[in-house]
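Below are the chains, spelled out letter by letter.
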Amino acid sequence: MTDYIVCIPSYKRALVCKERTLTALHKNNIDPKKIHVYVANKEDYELYKNTLDPKTYNTLVIGKKGLVPQRQFISNQWPANKHI
């Protein structure tokens, strides 16, 4: 399957996202253009922006706080037939 995206909901775990999640995706040859990181608020956005390597992901998005609301937000951001 080549038409997919990877959406990562993350909350106050910028270093874990950088060192574990994005590193694992890189080691598995996932194209950074397919990777979108979702954070809960502006404070997290700034922290992640300053922590993550911009070459390892496509977009950093302010979504919603809480895993269920964040997943709903992510789902609503993409067409219904998009493989997330």
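Report on the accompanying structure.

About the thresholds
Residues numbered from 1 in each chain as written. Predicted model: local features only at pLDDT ≥ 70, side-chain atom pairs only at ≥ 80, totals over all residues. Heavy atoms only, no water. Pairing = 2+ DSSP bridges. Helix = DSSP H or I, 4+ residues; strand = E, 2+ residues; numbered from the N terminus. Right-handed = clockwise from strand over helix to strand, strands pointing away. Buried < 20%, exposed > 50% of the residue type's maximum accessible area, 1.4 Å probe, protein only. Axes fitted to C-alpha atoms, helices over the stretch in contact; angles between N-to-C directions. Contact = heavy atoms within 4.5 Å.

Some points on the pairing of strand 1 (residues 6-9)
Within a regular strand, the side chains alternate between the two sheet faces. As defined by bridge partners, strand 1 adjoins strand 2 (residues 35-39) across 4 bridges and the pair is classed as parallel. For Pro9, the partnering residue across the bridge sits in strand 2 and is Tyr38. Between the parallel pair strand 1 and strand 2, the chain is carried across by helix 1 (residues 14-27), and the sense of this crossover is right-handed.

What about the environment of Pro54?
Tracing the chain through its elements places Pro54 in the loop between helix 2 (42-51) and strand 3 (59-62). Looking at Pro54, the relative accessible area reads 58%, which means it is exposed. Along the backbone, Pro54 and Pro32 are 22 residues apart, and their C-alpha atoms lie at a distance of 9.0 Å.

Description of the sheet that holds strand 3
Pairing in this open sheet of 3 strands is parallel, and the strands run 1-2-3 from one edge to the other. Each edge of the open sheet carries a strand with a single partner, namely strand 1 and strand 3. In this sheet, adjacent strand axes meet at a mean angle of 25 degrees when their direction is disregarded. Here strand 2 pairs with strand 3 via 4 bridges, running parallel. When the sheet's bridge partners are listed, Tyr38 is paired in strand 3 with Val61. Each of strand 1 and strand 2 is contacted by helix 1, which is oriented at about 165 degrees to strand 1, the strand it contacts most. Running over the sheet, helix 3 (residues 67-77) touches strand 1, strand 2 and strand 3 and is turned about 135 degrees from strand 2.

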